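Read off the chains here:
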Amino acid sequence: MAEVAALWMSGIEPKSDGADAAEVATILERAIAGDSAAFEQILKLHERRVLMLSWRLLGNIEDAQDSTQEVFLRAFKYLHRFDITRPVEAWLVRITVNVCRDFGRHRQRRQSLASELRLPGVTTADPYSDLASVERKNMLREAIASLPDKERAAFVLRDIEGLSTAEVAGILNSSETTVRSQISIARVKIRKAIERFQGGER
Amino acid sequence: MSCGYSEERLALWMDSSEMDLSITEIRERDRHLASCVACRDVIAKLRESQSFVKTLRADSVNSAVLVQVHAHVMDRVSELKRPPAWVIQVERSLLFGIRRKYALAGFGSLVLAGCLILGIFWKVQMHEQTRVQIPPVLAPLVAQVSDPVVVNSSAGSPPKAAPIGRVKRTPSRKPVMVDVSIPAEPPQKIMVKLLTDDPSVVIYWSLD
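This one's a predicted model, so the numbers in the text were calculated from it and none came from an experiment.

## As for the environment of B:Cys39
Residues and elements named next belong to chain B.
Consideration 1: Its place among the elements puts Cys39 in helix H3 (residues 37-53).
Consideration 2: By relative accessible area, Cys39 is classed as buried at 0%.
Consideration 3: Remark: the alpha-carbon pair of Cys39 and Ser2, spanning 37 residues in sequence, is separated by 9.4 Å.

## What to know about the interface of chain A and chain B
Consideration 1: Contacts between the two partners involve 55 residues from chain A, matched on the other side by 42 residues from chain B.
Consideration 2: Between A:Arg191 and B:Glu7 there is a salt bridge, with its nearest N and O atoms 2.3 Å apart.
Consideration 3: Here chain A and chain B share 13 residue pairs in polar contact (both at pLDDT 80 or more) between them.
Consideration 4: Looking at the side of chain A that touches chain B, the elements with two or more residues in it are helix H3 (21-32), helix H4 (36-58), helix H5 (61-77), helix H8 (127-145), helix H9 (149-160) and helix H11 (176-201) of chain A.
Consideration 5: Grouping the amino acids of the side of chain A that touches chain B by side-chain chemistry returns 26 nonpolar, 11 polar and 18 charged.

## What to know about the nonpolar core
Note that soluble globular proteins tend to have their nonpolar side chains buried in a common cluster.
Consideration 1: By size, the foremost hydrophobic cluster in this structure holds 57 residues, and its most contacted members are A:Phe39 and A:Ile190.
Consideration 2: Not counting residues within four places of it along the chain, the set of residues in contact with A:Phe39 comprises A:Ala31, A:Phe72, A:Ala75, A:Phe76, A:Leu79, B:Val73, B:Met74 and B:Val77.

## As for the side chain of A:Glu151
All names here are of chain A.
Consideration 1: Along the polypeptide, Glu151 turns up in helix H9.
Consideration 2: A polar atom in the side chain of Glu151 sits 2.9 Å from the side chain of Lys189.
Consideration 3: The residues touching Glu151, leaving out its near neighbours within four places in the chain, are Gln182, Ile185, Ala186 and Lys189.

## Details of the pattern of salt bridges
Residue and element names in this part refer to chain A.
Consideration 1: Summed over all chains, the structure comprises 18 salt bridges over all chains.
Consideration 2: One salt bridge connects Glu89 with Arg49, and the closest N-O pair in it is separated by 2.8 Å. A residue pair is termed long-range when its members are at least 10 positions apart, and Glu89 in helix H6 (residues 88-106) and Arg49 in helix H4 qualify at 40 residues. Side by side, Glu89 and Arg49 carry an identical accessibility label, which is buried.
Consideration 3: The salt bridge partner of Asp83 is Arg86, with a shortest N-O separation of 3.9 Å.
Consideration 4: Under the relative-accessibility criterion, Asp83 is labelled partly exposed at 35%.
Consideration 5: Salt bridges here are not isolated pairs; linked through shared partners, they connect Arg49, Arg56, Glu89 and Glu161.

## Overview of the confidence of the model for chain A
All names here are of chain A.
Consideration 1: Looking at chain A, pLDDT values average 78 and 76% of them are 70 or higher.
Consideration 2: Across residues 1-18 the pLDDT falls below 50, and counting only partners more than four positions away or on other chains, this stretch makes 24 contacts in the model.
Consideration 3: Here residues 109-125 is a poorly scored stretch, pLDDT under 50, and it has 38 contacts once near neighbours within four places are set aside; other chains count.

## What about the packing of aromatic side chains?
All names here are of chain A.
Consideration 1: Taken as a whole and judged by the stated rule, the model has 2 aromatic pairs over all chains.
Consideration 2: With 5.0 Å between their ring centres and 70 degrees between their planes, Phe39 and Phe76 make a pair best called edge-to-face. Residue Phe39 is found in helix H4, and its partner Phe76 is found in helix H5; the two are separated by 37 residues along the sequence.
Consideration 3: The exposure class assigned to Phe76 is buried, which follows from its relative accessible area of 6%.

## Overview of the environment of A:Leu28
Residue and element names in this part refer to chain A.
Consideration 1: Within the secondary structure layout, Leu28 lies in helix H3.
Consideration 2: The spacing of Leu28 and Asp83 is 55 residues in sequence and 9.7 Å in space, taken between C-alpha atoms.
Consideration 3: In contact with Leu28, not counting residues within four places along its chain, are Ile42, Leu79, Phe82, Ile84 and Val88.

## Considering the packing of H5(A) against H6(A)
Residue and element names in this part refer to chain A.
Consideration 1: One can describe the packing of H5 onto H6 by two numbers: an axis separation of 9 Å at closest approach and a directional angle of 130 degrees. The angle between H5 and H6 places the two elements in the oblique class. As for the relative orientation of H5 and H6, their crossing is right-handed in sense. Here Asp63, Asp66, Ser67, Glu70, Val71, Phe72, Arg74 and Ala75 of H5 come into contact with H6, specifically with Trp91, Leu92, Ile95, Thr96, Val99, Cys100, Asp102 and Phe103.
Consideration 2: When the residues that make up the contact of H5 with H6 are grouped by side-chain class, the tally is 9 nonpolar, 2 polar and 5 charged.

## Quick notes on helix H2 (residues 23-35) of chain B
All names here are of chain B.
Consideration 1: Over its 13 residues, H2 runs 19 Å from end to end, which matches the ideal 18 Å to within 8%, given 1.5 Å per residue.
Consideration 2: Three or more residues of H2 are buried, namely Arg29, His32 and Leu33. Along H2, the residues classed as buried sweep out an arc of 95 degrees about the axis, all on the same side. Along H2, exposed side chains directed more than 90 degrees from the buried face belong to Ile23, Thr24, Arg27, Arg31, Ala34 and Ser35.
Consideration 3: Packing partners of the buried residues in H2 comprise H3.

## Some details on the pairing of strand E2 (residues 202-207) of chain B
Residue and element names in this part refer to chain B.
Consideration 1: Because side chains alternate across E2, one face comprises the buried residues Ile203, Trp205 and Leu207, and the other comprises Val202, Tyr204 and Ser206, none of which is buried.
Consideration 2: Pairing geometry for strand E1 (residues 190-195) and E2, over 6 bridges, is antiparallel. In the strand pairing of E2, Val192 is matched with Trp205.
Consideration 3: The hairpin formed by E1 and E2 contains 6 residues between the paired strands.

The rules we used
Starting afresh in each chain, residues are numbered from 1 along the sequence in its written order. Naming scheme: in the order in which they are written, chains are lettered from A and ligands are numbered from 1. pLDDT decides what is reported in this predicted model: residues at 70 or higher carry local features, side-chain atom pairs at 80 or more are listed and counted, and totals for whole chains, interfaces and linings draw on all residues regardless. Side-chain measures were taken over the full set of non-hydrogen atoms in the model, leaving aside hydrogen atoms and water. Comment: elements are numbered from the N terminus, with helices defined as DSSP H or I runs of at least four residues and strands as E runs of at least two. Only protein chains enter the accessibility calculation, which uses a 1.4 Å probe; a residue whose area is less than 20% of its type maximum is buried, one above 50% is exposed, and one in between is partly exposed. Residue contacts are counted whenever heavy atoms from the two residues lie within 4.5 Å of one another. We count a salt bridge whenever a side-chain nitrogen from Lys or Arg sits within 4 Å of a carboxyl oxygen from Asp or Glu. Any N or O atom pair separated by 3.5 Å or less is treated as a polar contact, with the protein-specific requirement of one donor-capable and one acceptor-capable atom, and with residues adjacent in sequence counted only for side-chain atom pairs. Residue classes follow a fixed rule: Ala, Val, Leu, Ile, Met, Phe, Trp, Tyr, Cys and Pro count as nonpolar, while Asp, Glu, Lys and Arg count as charged, and any other residue, Gly among them, counts as polar. Buried Ala, Val, Leu, Ile, Met, Phe, Trp, Tyr and Cys residues that are joined via side-chain atoms within 4.5 Å together make up what is termed a nonpolar core. A score from 0 to 100, pLDDT tells how confident the predictor is in each residue. Centres within 6.5 Å make a pair out of two Phe, Tyr or Trp rings, where for Trp the six-membered ring is used; the pair is then stacked when the planes are under 30 degrees apart, edge-to-face when over 60, and tilted otherwise. Helix axes are fitted only over the stretch in contact, all axes being lines through C-alpha atoms; the angle between N-to-C directions runs from 0 to 180 degrees. For classification, angles of less than 35 degrees are called roughly parallel, those exceeding 145 degrees roughly antiparallel, those between 65 and 115 degrees roughly perpendicular, and all remaining angles oblique. Here is the rule for handedness: rotate from the far helix to the near one, and if that takes an anticlockwise turn smaller than a right angle the crossing is left-handed, while a clockwise turn gives right-handed. Given a helix with a known number of residues, its expected span is that number minus one, times 1.5 Å. Each C-beta atom gives one direction from the helix axis, and the arc is the one those directions make. A pair of strands is treated as paired once DSSP finds two or more bridges between them.

Next comes the structure, spelled out in structure tokens:
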């Protein structure tokens, strides 16, 4: 149930995730054997989640696009090393976290308000309140992007992606205690950022 | 906080439904929050900010962006060359599923350890026995000696001259071989006693 909730929160189509485990394993085996059509199926199943996670980790959609491409290229390159008895999703999330960390180190973050405004998640019933909402979300993304790498990854995976602390610890190769500590520090920093923003609004 | 609880700790107390708290912690939290207004206030603010953070879950990306990413990935994938399936299978069976870099690191460590053991073994062998050749200056003197004289000494103890009574004399003229083991430590002078046909002539040869 928790997994379904996490998937829903991540914006994955329920239909795609309902795929039978055996079927997924077959697809993976074919992809490992070099079948690009099978790899395309894996890509279709997970591209939305990887893109959303990259966006949340990097804070802007352009970098997230590049990061997503890099994630799947790495996945294709190292697919033969993947153990098909393990969940492919966790593997892709781990690659995404690593790729986004590299992107964060080597690239200047770009602000792109224009692209945020094009998002379909934003309705146009009340343009003024929508703009305020977009601004708040941008501020929030900026605050998240300003967190140190490990805190950001733990916070995004736990509080936005909705994974359990144990799952986050597994993905980040860390202990649950460390993850809890990182999450609590990040929550306090985000709260302060929101307070600063609200103080500036008034 | 004046009560001693840090804001970071309170940030973990926000929601017991998140399953991060043990029963003991939940009890401690409830007991403390019942009496501390300041902490209740901080937790209320943290919950408010968390509900704001959770609005990001509803975000979605434009389908056009996904299509673009998908096309780009598939273009690049078609360009990438991967080793054939049989190569992957052979590699997997050879490396027992271990990653190549780890397998190489393990192999390198084994080679290094082997070299180290061989080196130590060789050094020990070298110290055990050292053969000393007689220098050319002494060759004429040695040629006059009819019998081979062997002076043995064990490593670590000062060399002892061979007792005269044990020297075997034969009429044939043979080259003299002096087999001396040099003590490893501490370095000492070695004195070699050469016996000639004439019992009144004894040659002493000092080796540094």
